Amino acid sequence: MRKEDTVKLISAEGFEFVVDKRAAMVSQTIRNMLTSPGSFAETQLGEVTFPEISTTILEKICQYFHWSLQYASGKESEFHIEPELTLELMMAANYLHT
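Residues numbered from 1 in each chain as written. Predicted model: local features only at pLDDT ≥ 70, side-chain atom pairs only at ≥ 80, totals over all residues. Heavy atoms only, no water.

(A) Structural view of the overall build of the protein. Within the protein, the regular secondary structure consists of five helices and three strands. Taken from the N to the C terminus, the helices and strands of the protein come in the order β-β-α-α-α-β-α-α. Its C-alpha radius of gyration of 13 Å places the protein within 12% of the 13 Å reference for a compact globule of 98 residues. Per-residue burial over the protein gives 34% buried out of 98 residues. Within the protein, contacts between residues separated by at least 24 positions form 61% of all contacts whose residues are at least 6 apart in sequence. Surface accessibility of the protein: about 6,300 Å² in total, with carbon and sulfur atoms responsible for 53%. Mean positive and mean negative side-chain charge positions of the protein (8 and 14 charges, respectively) differ by 10 Å. (Helix = DSSP H or I, 4+ residues; strand = E, 2+ residues; numbered from the N terminus. Rg over C-alpha atoms; globule rule 2.2 N^0.38 Å. Buried < 20%, exposed > 50% of the residue type's maximum accessible area, 1.4 Å probe, protein only. Contact = heavy atoms within 4.5 Å. Areas by Shrake-Rupley, 256 points an atom, 1.4 Å probe, with all protein chains shown as cover. Lys, Arg positive; Asp, Glu negative; His and termini not counted. Charge placed at Lys NZ, Arg CZ, Asp CG, Glu CD.)

This is the structure:
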């Protein structure tokens, strides 16, 4: 996969997730950050830092992005969410507009 086809998502702890850009675009917030006109760092560098989202939650969000693409293409499967992550995931999903 080419570098321009990926985006780097960075958690509050500094952990980096390199994901397919199409998958990351599931999030309206990330889409806006990466496609806005102008000289924004996110657009130029292809990376987005989330100082309020923990590594555990961002990992689950990245999994959801990929699951969402598969679901949209007709591959139906269950997306499991651990009960202890539910509140933090809901808050992150609200922020990311997913």
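From this point on, the discussion continues.
(B) Geometry of helix H4 (residues 55-72). Taking 1.5 Å of rise per residue, 18 residues should cover 26 Å, and H4 covers 26 Å from first to last C-alpha, within 8% of that figure. Every buried residue belonging to H4 is among Ile 57, Leu 58, Lys 60, Ile 61, Cys 62, Phe 65, Trp 67 and Ser 68, and all of these are buried. As for H4, its buried residues are in contact with strand E1 (6-10), strand E2 (16-20), helix H1 (21-24), helix H2 (28-35) and helix H5 (86-96). (Expected span 1.5 Å × (residues − 1).)

(C) Up close: the packing of aromatic side chains. Under the counting rule described, the total for this entry stands at six aromatic pairs. Look at Phe 50 and Tyr 95: their rings are 6.4 Å apart centre to centre, the planes differ by 85°, and that puts the pair in the edge-to-face class. With Phe 50 in the loop between strand E3 (47-49) and H4 and Tyr 95 in helix H5, this residue pair connects regions lying 45 residues apart in the sequence. Feature note: the residues Tyr 64, Trp 67, Tyr 71 and Phe 79 constitute an aromatic cluster, connected by ring pairs. Here Lys 60 stacks its cationic end above the ring of Phe 79, 5.1 Å away from the centre of that ring. (Phe/Tyr/Trp six-rings, centres within 6.5 Å; stacked < 30°, edge-to-face > 60°. Lys NZ or Arg CZ within 6 Å of the ring centre and 35° of its normal.)

(D) Fine view of the sheet that holds E3. Across the sheet, three strands lie side by side as E2-E1-E3; this open sheet has mixed pairing. Two strands in the sheet have a free side with no partner beyond their single neighbour: E2 and E3. The sheet shows a mean angle of 20° between the axes of neighbouring strands, direction not considered. Packed on one face of the sheet, H4 meets E1 and E2 and runs near 5° to E2. (Pairing = 2+ DSSP bridges. Axes fitted to C-alpha atoms, helices over the stretch in contact; angles between N-to-C directions.)

(E) Region of interest: the nonpolar core. In this structure, Leu 9, Ile 30, Phe 50, Ile 53, Leu 58 and Ile 61 are the most contacted members of the largest nonpolar core, which totals 22 residues. Counting residues per element, the ones that place at least two in this core are E1, E2, H1, H2, H4 and H5. Sorting elements by how many residues they give to this core places H4 first, with five residues. With sequence-adjacent residues up to four places away left out, Ile 53 is seen in contact with Ser 11, Ala 12, Glu 13, Leu 58, Ile 61, Ala 92, Tyr 95 and Leu 96. (Core = buried A, V, L, I, M, F, W, Y, C linked by side-chain atoms within 4.5 Å.)

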